[in-house]
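# Survey of secondary and tertiary structure
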Amino acid sequence: MFAFSAVRLSRAVVLGSLAMLATPLLAHADDYDATLKDIQSTMGGVPSFVKQFPKAGLPGAWAEVKAIELSDKTALPPKVKSLISLAVAAQIPCSYCIWSDTQDAKRAGATDEEIQEAVTMAALTRHWSTIFNGMQVDFETFKKEMGGQ
């Protein structure tokens, strides 16, 4: 078992920069191998889907995941980040992410009630967004009526 949900990485891993893709893969072999070693060290294993990701993009994608999602030295604590991810995943919807984010939230100390409330908040936001946009509510009027300037 990995130190955290392997599925989470699949959602968070994004394509590398175009500059990296344009550079010969051989130049990034050391970066790629070092990234695999770091993933192994961090997660306790390398999920098989990681090896399906383009080699040129993996080092940058892993650095992003590690710096934001996995770090406890960011503005948001891990539990909050997991609950946000779960709420977004419920709206996308992504069954991989929903499962993974639920596990991550529980590991970070979220209660069932907090998980349910995060998902419900996502549903409420989607509900009202549908109404505001579908009814073409005037944005400036909305802001004034809701206490904005």
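Let us look at the structure shown here. (Residues numbered from 1 in each chain as written. Predicted model: local features only at pLDDT ≥ 70, side-chain atom pairs only at ≥ 80, totals over all residues. Heavy atoms only, no water.)

### Thoughts on the overall build of the chain
Along the chain, the regular secondary structure elements total eight helices and zero strands. Split into buried and exposed, the 149 residues of the chain put 31% on the buried side. Counting only contacts in the chain whose residues sit at least 6 apart along the sequence, the fraction spanning at least 24 positions is 66%. Surface summary for the chain: the accessible area is close to 9,600 Å², and the carbon and sulfur share equals 61%. (Helix = DSSP H or I, 4+ residues; strand = E, 2+ residues; numbered from the N terminus. Buried < 20%, exposed > 50% of the residue type's maximum accessible area, 1.4 Å probe, protein only. Contact = heavy atoms within 4.5 Å. Areas by Shrake-Rupley, 256 points an atom, 1.4 Å probe, with all protein chains shown as cover.)

### Topic: helix 7 (residues 112–134)
The end-to-end C-alpha distance of helix 7 is 33 Å, a good match for the 33 Å that 23 residues give at a rise of 1.5 Å each. Buried residues of helix 7: Ile115, Ala118 and Ala122, and no others. Elements that come into contact with the buried residues of helix 7 comprise helix 5 (78–91) and helix 6 (95–107). Of the residues trailing helix 7, glutamine 136 is marked for its positive phi of about 50 degrees. (Expected span 1.5 Å × (residues − 1).)

### What to know about the nonpolar core
Core analysis: the biggest nonpolar cluster contains ten residues, these being Tyr32, Leu36, Ile39, Met43, Val50, Phe53, Leu58, Ala61, Trp62 and Val65. The set of elements that each furnish at least two residues to this core consists of helix 3 (29–43) and helix 4 (58–69). Those residues in contact with leucine 58 that lie beyond four places of it in its chain are Tyr32, Thr35, Leu36, Ile39, Val50 and Phe53. With six residues, the next largest nonpolar core counts Leu83, Ala105, Ala110 and Ala118 among its residues. (Core = buried A, V, L, I, M, F, W, Y, C linked by side-chain atoms within 4.5 Å.)

### Remarks on a nonpolar patch on the surface
A cluster of nonpolar side chains, contributed by Met121, Leu124, Trp128, Phe132, Met135 and Val137, occupies part of the molecular surface with about 590 Å² of accessible area. Tracing the backbone through its elements, the reader meets tryptophan 128 in helix 7. Residue tryptophan 128 is classed as partly exposed on the basis of its relative accessible area, which comes to 43%. (Patch = residues over 30% accessible without salt bridge, like charges linked within 9 Å, V, L, I, M, F, W, Y side chains within 5 Å. Salt bridge = Lys/Arg side-chain N within 4 Å of Asp/Glu carboxyl O.)

### What about the packing of helix 3 against helix 4?
The description of two packed helices rests on the angle between their axes and on the distance between the axes. Two elements in contact, helix 3 and helix 4, have axes separated by 9 Å at closest approach and are oriented at 35 degrees. Between helix 3 and helix 4 the crossing geometry is left-handed. Only Leu58, Pro59, Trp62 and Lys66 of helix 4 make contact with helix 3, whose side of the interface consists of Asp31, Tyr32, Thr35, Leu36, Asp38, Ile39, Thr42 and Met43. Split into classes, the residues belonging to the contact of helix 3 with helix 4 amount to seven nonpolar, two polar and three charged. (Axes fitted to C-alpha atoms, helices over the stretch in contact; angles between N-to-C directions. Left-handed = near helix turned anticlockwise from the far one by under 90°. Nonpolar A, V, L, I, M, F, W, Y, C, P; charged D, E, K, R; others polar.)

### Quick word on the environment of glycine 57
In this structure, glycine 57 sits in the loop between helix 3 and helix 4. Put simply, glycine 57 and tyrosine 32 are 25 residues apart on the chain and 8.7 Å apart in space, counted from C-alpha to C-alpha.

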